[in-house]
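A structural walkthrough
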Amino acid sequence: MDISESPLAEAGRRFFSPENAKTWISLLRPGYHLREQQKGEPLVAYLGGDPMLPADVEWPVWEGHGPLSFIAAFDCEEVPPGQLDIPLPEAGMLLFFYFNGVGEDAVQYLDPASITGGTRVIYVPETSDDVAPRKAPEGLEPFPRVMLTGELIASAPDNENAALVAAFGAPGEDPTADDDYTEYPTVGDADGDGFYDALTTFRRDHSPHHRVGGYSLPKAGSVEKEATHAVFPGDDDAAKQSRRDLLKDLVMLIQIDSDSRAAMEWGDTGRLYWLIRREDLAARRFDKATFTWQSE
């Protein structure tokens, strides 16, 4: 896929100045959109059902709360090697679990202990033995199975993303600040409606927004900035600096949208997001992955 020929790149050329269009296109990143598998298409991922787990891997449990629900898995070998800008494994399966609770049993997106206990990423290498479908623990109702294939698409930074703020924000702005926001630099487009219409059309054409890699698509503010709070909570200067440093290295591993086909509804049409440092991803340290979720 040539990002410079994507609909998002074309929108930049139509509605930005030539200089800003060039900058915009340089910010676009490849993502792997997961959509429902049609006959004859390769199976890349699946939502719900019984996960494929090795016999020696226990079903993840949040101590004091209960077993986590299986959400999704994708086959790393089916994601085109070298086409994403994150160092995914070239083979094996990645599986994602989440405690689908409410109230005090819900995963609190700014609570590190809650995220550590209530979410899990399990990597199953291609060399694993005795891999077989695993039934959910008694009392845990699995989500319906949805089979997914995939395609490379361009992804774009949102208005609070540090990369966009750094590129188009006011001079002196701190792009890592939680509340920094910048408008897209449209020209010759009353109120920016044409550009936003192009974004809306592109997003509508790729809904539900299940995606591996690329920029996250937020529901309520910058996902990446929010996720840093789960790793380094607090309002002291040391925590703030640690979050700034982490933001440079944090990448989205996967986002899972609400999807009626799988009976998945995260709050009010929300999304789940797993993120990880590039170096931890490269080293296959999936226990270091963090998480957040957003809802309208």
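The notes below deal with the structure included here. Since the model is a prediction, treat every value here as computed from it, not as a measurement.

What counts and how
Residues numbered from 1 in each chain as written. Predicted model: local features only at pLDDT ≥ 70, side-chain atom pairs only at ≥ 80, totals over all residues. Heavy atoms only, no water. Helix = DSSP H or I, 4+ residues; strand = E, 2+ residues; numbered from the N terminus. Expected span 1.5 Å × (residues − 1). Contact = heavy atoms within 4.5 Å. 1 Å grid on protein atoms, 1.4 Å probe; cavity = no way out; pocket = protein on both sides within 12 Å on 5 of 7 lines; lining within 4 Å. Points joined across faces, edges and corners; volume = space filled by probe spheres on them. Nonpolar A, V, L, I, M, F, W, Y, C, P; charged D, E, K, R; others polar. Pairing = 2+ DSSP bridges. Axes fitted to C-alpha atoms, helices over the stretch in contact; angles between N-to-C directions. Buried < 20%, exposed > 50% of the residue type's maximum accessible area, 1.4 Å probe, protein only. Arc of directions from axis to C-beta. Core = buried A, V, L, I, M, F, W, Y, C linked by side-chain atoms within 4.5 Å.

1. A word on helix α5 (residues 193-204)
Because the α-helix completes a turn every 3.6 residues, residues three or four places apart line up on one side. Spanning 12 residues, α5 covers 16 Å between terminal C-alpha atoms, matching the ideal 16 Å at 1.5 Å per step. Packing partners of the buried residues in α5 comprise α1 (7-15), α2 (18-27) and β10 (146-155).

2. Quick look at empty space enclosed by the protein
Scanning all chains against the criterion turns up one cavity of 30 Å³ or more. Taken as a whole, the largest cavity spans an internal volume of roughly 110 Å³. Mapped by element, the contributors of at least two residues to the lining of the largest cavity are β10 and α5. Ranked by residues supplied to the lining of the largest cavity, first place goes to α5 with three residues. Grouping the constituent residues of the lining of the largest cavity by class yields seven nonpolar, four polar and two charged.

3. Points about the sheet that holds β10
The strand order across the open sheet formed by 10 strands is β8-β7-β6-β2-β10-β1-β11-β12-β13-β14, and the pairing between neighbours is antiparallel. Since the sheet does not close on itself, it has two edges, and those belong to β8 (119-124) and β14 (290-294), each with one partner. Strand-to-strand, the axes of this sheet are offset by a mean angle of 30 degrees, without reference to chain direction. Of the strand pairs in this sheet, strand β7 (residues 93-98) and β8 are connected by six bridges, and their pairing is antiparallel. Among the inter-strand pairings, Leu95 is bridged to a residue of β8, identified as Ile122. The strands touched by helix α6 (residues 223-231) within the sheet are β12 (250-257), β13 (271-277) and β14, with β14 carrying the most contacts at an inclination of about 130 degrees.

4. Structural notes on α2
If you check which residues of α2 are buried, you get Ala21, Trp24, Ile25 and Leu27. Down the axis of α2, the buried set is contained in an arc of 155 degrees. They therefore lie on one face. Facing away from the buried side of α2 by over 90 degrees, the exposed positions are Glu19, Lys22 and Ser26. Summarising the contacts, the buried residues of α2 are in contact with α1, β1 (29-36), α4 (162-168) and α5.

5. Brief notes about the nonpolar core
Core analysis: the biggest nonpolar cluster contains 52 residues, and Ile71, Phe74, Leu88 and Trp274 have the highest contact counts within it. Residue assignment for this core shows that the elements contributing at least two residues are β1, β2 (45-47), β6 (69-75), β7, β8, β10, β12 and β13. By residue number, the principal contributor to this core is β7, which donates six residues. Residue contacts for Leu88: discarding those within four places in its chain leaves Phe74, Val79, Leu94, Val212, Leu253, Leu281 and Arg284. Phe16, Ile25, Ala154 and Phe202 belong to the second-largest nonpolar core, a separate cluster that totals 21 residues.

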